[in-house]
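Remarks on the overall topology
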Amino acid sequence: DGGITQSPKYLFRKEGQNVTLSCEQNLNHDAMYWYRQDPGQGLRLIYYSQIVNDFQKGDIAEGYSVSREKKESFPLTVTSAQKNPTAFYLCASSTRQGANSNQPQHFGDGTRLSIL
Amino acid sequence: SQQGEEDPQALSIQEGENATMNCSYKTSINNLQWYRQNSGRGLVHLILIRSNEREKHSGRLRVTLDTSKKSSSLLITASRAADTASYFCATETSGSRLTFGEGTQLTVNP
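Rules used throughout
Residues numbered from 1 in each chain as written. Chains lettered and ligands numbered in written order. Predicted model: local features only at pLDDT ≥ 70, side-chain atom pairs only at ≥ 80, totals over all residues. Heavy atoms only, no water. Contact = heavy atoms within 4.5 Å. Buried area = accessible area lost by both parts, 1.4 Å probe. Salt bridge = Lys/Arg side-chain N within 4 Å of Asp/Glu carboxyl O. Helix = DSSP H or I, 4+ residues; strand = E, 2+ residues; numbered from the N terminus. Pairing = 2+ DSSP bridges. Axes fitted to C-alpha atoms, helices over the stretch in contact; angles between N-to-C directions. Disulfide = S-S within 2.5 Å. Buried < 20%, exposed > 50% of the residue type's maximum accessible area, 1.4 Å probe, protein only.

1. Some words on the interface of chain B and chain A
Quite often, the size of an interface is put as the accessible area lost when its parts meet. Contacts between chain B and chain A engage 23 residues on the former and 30 residues on the latter. Of the roughly 1900 Å² buried where chain B meets chain A, counting both sides, 43% is carbon and sulfur surface. Between the two partners, chain B and chain A, sit 2 salt bridges. When residues of the side of chain B that touches chain A are traced back to their parent elements, those giving at least two are β4 (31-37), β5 (43-50), β9 (85-92) and β10 (98-100) of chain B.

This is the structure:
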């Protein structure tokens, strides 16, 4: 079945450690997104990529990094510079986004990151 | 600040009743989308309404959009216990990014 796979489901980070969250999609979508969700709140955009080898910062990019070397994959690294990383991280994808694409986003089931 | 704001923050109803959630936003949009999130899961797309549309239906869902008031509503008719979830509105503006509201937590009691 086509979809988005996020791994791991749960992740623990030690102080000063970088951790990488995986996101893979087999929907043949060009655009991919990373969001952060804190308890009882909506989603905030971290980074997004509209095409391979290109990505843009979202609203809360500080302390995070991404790469987009393959169409199917958009890994997110939470660096030690992110001082409050505990959150639920969601990856999404959609067909190529233009100025008026009117396309929905498809989401993975998330990775819950906690600090040890 | 959030582009979309949902109202109410929480809603508790009995099975069979209708549930109405509202969303307000601040800037011009290309479209407005509603998503559902079950606890601990990802978001599922429910319905998309374009800026030139006023109403859209999908099964038991009815969405309205009033661009003059910068507001939208989601109506779930004949609710079921399985409808219990958080519901989010998201607006797409020029540049293709989605901005999400903080959601409405709907509880449908059997």
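2. Concerning the sheet that holds strand β7 (residues 64-66) of chain A
Residues and elements named next belong to chain A. As summarised here, the arrangement of the 4 strands in space is β1-β3-β8-β7, forming an open sheet in which the pairing is antiparallel. Two strands bound the open sheet, and with one partner strand each, they are β1 (4-7) and β7. Pairs of neighbouring strands in the sheet enclose a mean axial angle of 20 degrees, with direction left out of account. Inspection of the sheet shows β1 paired to strand β3 (residues 19-25) by 4 bridges, in the antiparallel sense. Bridging across to β3, I4 finds its partner in Q25.

3. Some details on the state of the cysteines
Within the structure shown, the criterion is met by 2 disulfides over all chains. Disulfide partner of C23 of chain A: C91 of chain A, at an S-S distance of 1.9 Å. Between C23 of chain A and C91 of chain A, the disulfide has an S-S torsion of -75 degrees and is therefore left-handed. With C23 of chain A in strand β3 and C91 of chain A in strand β9 (residues 87-94), this residue pair connects regions lying 68 residues apart in the sequence. Like C23 of chain A, the residue C91 of chain A is buried in the burial classification. The disulfide that involves C23 of chain B links it to C89 of chain B, with 2.0 Å between the sulfurs. Between C23 of chain B and C89 of chain B, the S-S torsion sits near 65 degrees, and that sign places the bridge as right-handed. Of this pair, C23 of chain B sits in strand β3 (residues 19-24) while C89 of chain B sits in strand β9, placing them 66 residues apart in sequence.

4. A few points about the pairing of strand β11 (residues 104-109) of chain B
Side-chain positions along a regular strand alternate between the two faces of the sheet. Residue and element names in this part refer to chain B. Of the two faces of β11, the one holding T104, L106 and V108 is buried and the one holding Q105, T107 and N109 is not buried anywhere. Here 5 bridges tie strand β2 (residues 10-14) to β11, and the two strands are oriented parallel to one another. Counted as the bridge partner of Q14 is N109 from β11. Of the strand pairs in this sheet, β9 and β11 are connected by 3 bridges, and their pairing is antiparallel.

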